Amino acid sequence: MKYIAYIFVFVALLLCSCGSKGTNGSQSKITADMAFEGVNNYCHKEYDWSVAKDNPDIMYVQMGEETDSAYQVVFRSYTGAFVHFYVNKTSGTTRMVEKVPSLNVEEETGTFKLFDYLEKQ
């Protein structure tokens, strides 16, 4: 009976530990700060910010709405377009949707892994 109890505890611990780590070896729970940092780093790497040198208010990154499963981070381009980044809170997969309000255009523009744009700790 004692061995059955040990086996039960061992199996329970094994099952509880499965799935708690992300592919990068750390906790896979994404925080709002991580979502902002990763998207901000992505935007500064992928977009040309030189046009905002004299007028930094024409380009920015800010937090948007939050749902149970995702954080929204919004990038505003100097062109007036907005890119909405939807960061999955569990996986870190980030979906991008570009919106141009003046033209009433909305388009899915791709995905990336948030962990690729977070500073290594």
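About the cut-offs
- Residues numbered from 1 in each chain as written.
- Predicted model: local features only at pLDDT ≥ 70, side-chain atom pairs only at ≥ 80, totals over all residues.
- Heavy atoms only, no water.
- Helix = DSSP H or I, 4+ residues; strand = E, 2+ residues; numbered from the N terminus.
- Buried < 20%, exposed > 50% of the residue type's maximum accessible area, 1.4 Å probe, protein only.
- Contact = heavy atoms within 4.5 Å.
- Areas by Shrake-Rupley, 256 points an atom, 1.4 Å probe, with all protein chains shown as cover.
- Core = buried A, V, L, I, M, F, W, Y, C linked by side-chain atoms within 4.5 Å.
- Salt bridge = Lys/Arg side-chain N within 4 Å of Asp/Glu carboxyl O.
- pLDDT = per-residue confidence, 0-100.

Asks: Any chance you could break down the overall build of the protein for me, citing the residues and the numbers?
Replies: Within the protein, the secondary structure is distributed over 2 helices and 5 strands. For the protein, the N- to C-terminal ordering of α and β elements is α-α-β-β-β-β-β. Looking at the protein as a whole, 30% of its 121 residues are labelled buried. Partitioning the contacts of the protein with sequence separation of at least 6, the portion at a separation of at least 24 is 32%. With an accessible surface of roughly 8500 Å², the protein has 55% of that area assigned to carbon and sulfur atoms.

Asks: Talk me through the side chain of Ser-77; I want residue IDs and the actual numbers.
Replies: In this fold, Ser-77 is placed in the loop between strand 2 (70-76) and strand 3 (82-88). Residues in contact with Ser-77, not counting those within four places in the same chain, are Ile-58 and Met-59.

Asks: Could you give an account of the nonpolar core, naming the residues involved and the relevant values?
Replies: Within the largest apolar cluster, 21 residues are counted, with the highest numbers of intra-cluster contacts made by Val-39, Cys-43, Phe-75, Phe-85 and Phe-112. Going through the elements one at a time, helix 2 (32-46), strand 2 and strand 3 are the ones with two or more residues in this core. The dominant element in this core, judged by the number of residues it contributes, is helix 2, at 4 residues.

Asks: Could you give me a rundown of the pattern of salt bridges, with the residues and numbers involved?
Replies: Within the structure shown, the criterion is met by 2 salt bridges. Lys-89 is paired through a salt bridge with Glu-66; the nearest N and O atoms lie 2.6 Å apart. Residue Lys-89 is found in the loop between strand 3 and strand 4 (93-100), and its partner Glu-66 is found in strand 1 (residues 60-66); the two are separated by 23 residues along the sequence. Using a relative accessible area of 7% as the deciding quantity, one classes Lys-89 as buried. One salt bridge connects Arg-95 with Glu-108, and the closest N-O pair in it is separated by 2.7 Å. With a gap of 13 residues between them, Arg-95 in strand 4 and Glu-108 in strand 5 (residues 105-113) connect regions that are remote in the sequence. You can call Arg-95 partly exposed: its relative accessible area is 35%.

Asks: Which residues make up the confidence of the model for the protein, and what are the values?
Replies: Residues of the protein with pLDDT of at least 70 account for 75%, and the chain-wide mean is 83. The low-confidence segment residues 8-27 (pLDDT under 50) makes 12 contacts with residues lying over four places distant or belonging to another chain.

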